[in-house]
Amino acid sequence: GMYIIVHPDHLDELIAQYEKGGYFEELISLLDSGLSSERSHVGMYTELAVLYTKYKPEKLMDFIKLNTQKLNIPKLIQACERHYLWEHAVFLYTHYDEFDAAANTMMAHSPAAYAHDQFQMILQKVSNMEIYYRAIQFYLDEQPMQLNGLLSAI
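Everything quoted here is computed from the prediction, not taken from an experiment. (Residues numbered from 1 in each chain as written. Predicted model: local features only at pLDDT ≥ 70, side-chain atom pairs only at ≥ 80, totals over all residues. Heavy atoms only, no water.)

Enquirer: Honestly, the packing of aromatic side chains in this entry has me stumped. Any pointers?
Expert: The description of an aromatic ring pair uses the distance of the two centres, along with the angle that the planes make with each other. One pass over the full model with this rule turns up 10 aromatic pairs. Taking the centre distance of 6.5 Å and the plane angle of 25 degrees together, the rings of Y45 and F63 count as stacked. You can see Y45 sitting in helix α4 (residues 42-55) and its partner F63 sitting in helix α5 (residues 57-67), a full 18 residues away along the chain. Each member of the pair, Y45 together with F63, is buried. Seen from their ring centres, F138 and Y139 are 5.8 Å apart, and the 75 degrees between their planes marks the pair as edge-to-face. Of the residues examined, F138 reaches a relative accessible area of 6% and is grouped as buried. Clustering of aromatic rings is evident, with ring pairs tying together Y114, F119, F138 and Y139. (Phe/Tyr/Trp six-rings, centres within 6.5 Å; stacked < 30°, edge-to-face > 60°. Helix = DSSP H or I, 4+ residues; strand = E, 2+ residues; numbered from the N terminus. Buried < 20%, exposed > 50% of the residue type's maximum accessible area, 1.4 Å probe, protein only.)

Enquirer: I'm lost on unusual backbone geometry in this one. Help?
Expert: A negative phi holds for most residues other than glycine; trans holds for most peptide bonds. Of note, Y84 is a non-glycine position whose phi angle comes to about 60 degrees, a positive value. Within the fold, Y84 resides in the loop between α6 (73-82) and α7 (86-95). With relative accessibility at 62%, the residue Y84 sits in the exposed group. Here the phi dihedral of D97 falls at roughly 60 degrees; this positive angle occurs in a residue that is not glycine.

Enquirer: What exactly am I supposed to notice about the environment of R39 here?
Expert: In this fold, R39 is placed in the loop between α3 (24-34) and α4. Setting aside chain neighbours within four positions, we find R39 in contact with V6, H7 and M44. (Contact = heavy atoms within 4.5 Å.)

Enquirer: Would you explain the confidence of the model for the protein chain in this entry?
Expert: Detailed conclusions should not be drawn from predicted coordinates in areas where pLDDT is low. For the protein chain, per-residue confidence averages 92 on the pLDDT scale, and residues scoring 70 or more make up 100% of the total. In the model of the protein chain, helix α1 (residues 2-5) stands out as the element of lowest mean pLDDT, 79, in contrast to α6, which has the highest, 97. (pLDDT = per-residue confidence, 0-100.)

Enquirer: I keep staring at the pattern of salt bridges and nothing clicks. Help me out?
Expert: Side chains that carry opposite charge are capable of pairing whenever their charged atoms lie near each other. Per the stated rule, a full pass over the model turns up 3 salt bridges. Where E25 meets K56, a salt bridge forms, and the shortest distance between an N and an O atom there is 3.1 Å. With E25 in helix α3 and K56 in the loop between α4 and α5, this pair connects stretches of sequence that are 31 residues apart. The class of E25 is partly exposed, set by a relative accessible area of 48%. In this structure, E47 and K75 form a salt bridge, with 2.3 Å as the shortest nitrogen-oxygen distance. Here the residue E47 occupies a position in helix α4, and K75 occupies one in helix α6, the gap between them amounting to 28 residues. (Salt bridge = Lys/Arg side-chain N within 4 Å of Asp/Glu carboxyl O.)

Here's what the structure looks like:
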C-alpha cells in the first residue's frame with residue numbers, strides 16, 4: 001500500500017478497495033504512516049481527512065488545524081457537510097475565506113455550529129449585505145439577549 005498511496009492517480013482506487021473490504025482502521029493507519037514520506041501529497045492529506053469525517057470525527061479538528069495548508073479544502077468541506085460536521089465546515093470556510101458560507105452555515109445549523117464570538121468575527125468579513133439582515137433575524141429568533149453585541153459589531 002505504501003508504494004501506491006504516493007501516486008495520486010491510484011489513491012482513489014486503493015481507498016475504494018480498502019473500504020469495500022471494511023478495512024477502515026488499516027486504511028487510516030496506512031495513510032497516516034504515509035504522510036511522513038517525502039513523497040506525500042495533498043491528496044493523501046485530504047483523503048485521510050475525509051476518512052476521519054466518516055470513521056473518526058473526533059480526530060478531524062486536530063488534523064485540520066495541523067494540516068490546513070496541505071488540504072484540498074473544498075473537497076473536505078463537502079465531506080464535512082455530507083457527514084453533518086457543521087463546526088468543522090465553518091472552520092474550513094473561514095480558512096478558505098468563504099465568510100458568507102461560514103455565516104450561513106452557522107445560522108442554518110446553530111445548535112452544532114454557532115458560537116457568538118466567532119459569528120461576530122465572521123460577520124465583520126462577509127461581502128453580502130443580505131447576510132446582516134438574516135443575522136439580525138437569527139439573533140431575534142435564537143439569541144435575543146446578545147442582539148446588542150451583534151449590532152455593535154456590525
